[in-house]
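# Breakdown of the fold
If you want the building blocks of each chain, they are given just below.
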Amino acid sequence: MRKIIFYSCFLLIIIVLLRVNVLAESIHFGDYIYKPKSENQYYKENESPESWTSKIDVFYYPEISNPLKYAQDEDKRIEDNEKCVLLKFIQNKKQSVALISYLENGIERDGNFFAYNICKYQKHPKKGIVVMRYVKKYMFNSNEEISKIGQEIRQINNDYMERMIITDIPIEDMK
């Protein structure tokens, strides 16, 4: 009887540990859970690289050492790009973390869209930097729709940036 209880407890512990590892592969952002569906790209349950409304990308740059400098360069690139509008750029020099939010105008087979982007730049614990980018796609066909998109983004931008600050970047697989 003791062996059965011991093995049952052991099995239960193993199952819990494996479940935690599976959950670590997901990113919780806002009201959704994003799961990896391609290398370093995370999508909502019924979305894919071919069809998505929002996604999270994770990039690792082992050759870059300063996330604040890299974010400043990205800020300049965004401001110089006529298809982009910078919304907000913040940095925490003590923690070497920076965030940028911006809109990017694009066209795909379904029509025109705005991509609302938030990027988080931080040091990798061993070498280089990691960048996590949240992207939400807004399709539009009229000026009225553009106006509604602008109003929504004004309302959510600060909240989404705060969410991005507290969201951990999955770096356990990056070496």
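Now for a look at the structure at hand.

The rules we used
- Residues numbered from 1 in each chain as written.
- Predicted model: local features only at pLDDT ≥ 70, side-chain atom pairs only at ≥ 80, totals over all residues.
- Heavy atoms only, no water.
- Pairing = 2+ DSSP bridges.
- Helix = DSSP H or I, 4+ residues; strand = E, 2+ residues; numbered from the N terminus.
- Axes fitted to C-alpha atoms, helices over the stretch in contact; angles between N-to-C directions.
- Buried < 20%, exposed > 50% of the residue type's maximum accessible area, 1.4 Å probe, protein only.
- Core = buried A, V, L, I, M, F, W, Y, C linked by side-chain atoms within 4.5 Å.
- Contact = heavy atoms within 4.5 Å.
- Expected span 1.5 Å × (residues − 1).

### Points about the sheet that holds strand S5 (residues 84–92)
Pairing within the open sheet is antiparallel, and its eight strands lie in the order S1-S2-S3-S4-S8-S7-S6-S5. A strand with exactly one partner marks an edge of an open sheet, and here the two such strands are strand S1 (27–29) and S5. Taking each pair of neighbouring strands and ignoring which way they run, the sheet shows an average axis angle of 25°. Pairing of S5 with strand S6 (residues 97–108), which is carried by eight bridges, proceeds in the antiparallel orientation.

### Points about the pairing of strand S8 (residues 129–140)
By the criterion of burial, S8 is predominantly enclosed, with nine of the 12 residues buried. Where strand S4 (residues 54–61) meets S8, eight bridges bridge the pair, whose relative direction is antiparallel. Its bridge partner being in S8, Val58 is matched across the sheet by Met132. In this antiparallel pair of consecutive strands, strand S7 (residues 111–123) and S8, the connection spans five residues, and Gly128 shows a positive phi of 80°.

### Topic: unusual backbone geometry
Despite not being glycine, Asn40 has its phi angle at roughly 60°, a positive value. Exposure remark for Asn40: the relative accessible area of 32% places this residue in the partly exposed category. Unusually for a residue other than glycine, Ser96 sits at a positive phi of about 55°. By the element assignment, Ser96 lies in the loop between S5 and S6.

### Overview of the nonpolar core
By size, the foremost hydrophobic cluster in this structure holds 26 residues, and its most contacted members are Ile56, Tyr116, Ile118 and Tyr134. Those elements that provide at least two residues to this core are S1, S4, S6, S7, S8 and helix H3 (143–166). Counting residues per element, this core draws most heavily on H3, which supplies six residues. Leave out the neighbours within four places in its chain, and Tyr116 touches Leu87, Ser101, Tyr102, Leu103, Tyr134, Val135, Lys136, Tyr138, Ile153, Ile156, Asn157 and Tyr160. Core analysis: the second largest hydrophobic core is formed by 13 residues, Ala71, Ile78, Tyr102 and Tyr121 among them.

### Quick word on H3
For H3, built from 24 residues, the straight-helix expectation of 34 Å at 1.5 Å per residue is met to within 8% by its first-to-last C-alpha distance of 34 Å. Elements in contact with the buried residues of H3: S1, S5, S6, S7 and S8.

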